[in-house]
Amino acid sequence: MPPRNTQPKYRQIADYLREGILDGTFPAGQPLPSEETLAKQFGVTRPTVRQGLTELRASGLVEAIMGRGTFARSPHSRPSLTRPRGVRLAPDGRYVEADGIRWTDAEPPVATRTDAPLALADLLRIPPGEPMYTYDALQTADNGRLRQLHRTYVPFSILIDTKYEEQAPPPAPELYSALADLGHELHFTEYIRTRMPLPDQAQALRVPDGVPLLHVLRVTLNAADKPLALEEFQLPGDELELSFRL
């Protein structure tokens, strides 16, 4: 006689669906059995089924779509979008993103003064608390299907004895040309990590429950490897992969 499953019913439901998603019984993008079907199958109420589905949403394996049901999301399927990373110099002298995506700011970014926190000061090699110009932008592309949060930091100390000592420099990517015009030969380094979004970030980026952000930090450096500026990109981590040419 097989051992009796002593786990709570909601966890039995979650385990059953998780195994089916991972082995392909429930293919990615296809609807899962309805709450009513699962309730009858396991002899439970619909709130118990929802508790099991909540556990799967937290791990990013299912997505609930209002009015349509709950759909499987496989961790093994290839993302629908690959974004080459990097910056290249176009024939017209502009610096452009390697992915070629044309991003539009939801609102024109406005320069604000902030003080460098310890983690960013370390990357910029400036003292913590040094003042910086900071720009924030919610950017969209492909008629709003693609979204990212983009923040630009420029330390005040980089701008001493330049025309930007009295006026704010432009945000990136226009910032690259402005720095080049000041005589800097530019190159870039990126650092990538994952983390769960804050509530306002999840709302702005329309990130489903259980989906992490890709957090990209890009440092702009001159020929002497002195950091000149730093950018933060917050990208939804579902249906996306980044590629780098080495």
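Coordinates for the structure precede this section.
What counts, and at which threshold
Residues numbered from 1 in each chain as written. Predicted model: local features only at pLDDT ≥ 70, side-chain atom pairs only at ≥ 80, totals over all residues. Heavy atoms only, no water. Salt bridge = Lys/Arg side-chain N within 4 Å of Asp/Glu carboxyl O. Helix = DSSP H or I, 4+ residues; strand = E, 2+ residues; numbered from the N terminus. Buried < 20%, exposed > 50% of the residue type's maximum accessible area, 1.4 Å probe, protein only. Phe/Tyr/Trp six-rings, centres within 6.5 Å; stacked < 30°, edge-to-face > 60°. Core = buried A, V, L, I, M, F, W, Y, C linked by side-chain atoms within 4.5 Å. Contact = heavy atoms within 4.5 Å.

1. Some remarks on the pattern of salt bridges
Taken as a whole, this structure holds 15 salt bridges when the rule is applied. Between Glu35 and Arg50 there is a salt bridge, and its shortest N-O distance comes to 3.1 Å. Of this pair, Glu35 sits in helix 2 (residues 35-42) while Arg50 sits in helix 3 (residues 46-58); the two residues are 15 residues apart in sequence, bridging distant segments of the chain. What makes Arg50 partly exposed here is its relative accessible area of 39%. Several salt bridges converge on common partners, so that one network encompasses Arg85, Glu97, Glu190, Arg218 and Glu231.

2. Regarding the packing of aromatic side chains
Evaluated as defined, the whole model comprises six aromatic pairs. Plain terms: the ring middles of Tyr95 and Phe188 are 6.4 Å apart, the flat faces sit at 70° to each other, and that makes the pair edge-to-face. On the criterion of sequence distance, the pair formed by Tyr95 in strand 5 (residues 95-97) and Phe188 in strand 10 (residues 187-195) is long-range, its members being 93 residues apart. When its relative accessible area of 23% is taken as the criterion, Phe188 is described as partly exposed. Aromatic pair Tyr176 and Phe188: ring centres 5.0 Å apart, planes at 70°, arrangement edge-to-face. Here Phe188 lies in strand 10 and Tyr176 lies in helix 5 (residues 174-181), a separation of 12 residues in the sequence.

3. Side note on the nonpolar core
Grouped together as the largest cluster of nonpolar side chains are 16 residues, with contacts concentrated most on Ile13, Leu17, Ile21, Leu32 and Val49. Counting residues per element, the ones that place at least two in this core are helix 1 (9-23), helix 2 and helix 3. A per-element tally of this core places helix 1 first, with four residues. Residues in contact with Leu32, not counting those within four places in the same chain, are Leu17, Ile21, Phe26, Leu53, Val62, Thr70, Phe71 and Ala72.

4. A closer look at unusual backbone geometry
In this chain, Ala172 is followed by Pro173 through a cis amide linkage whose omega measures 5°. With respect to the helices, strands and loops of the structure, Pro173 is situated in the loop between strand 9 (146-155) and helix 5. Although it is not a glycine, Arg125 adopts a positive phi angle of roughly 55°. Summarising the element assignment, Arg125 is placed in the loop between helix 4 (118-124) and strand 8 (131-141). The exposure class assigned to Arg125 is exposed, which follows from its relative accessible area of 55%. Its identity is not glycine, yet Asp142 carries a phi of approximately 55°, on the positive side. Counting through the fold element by element, Asp142 comes out in the loop between strand 8 and strand 9.

Purely spatial values, then, with no claim about function.
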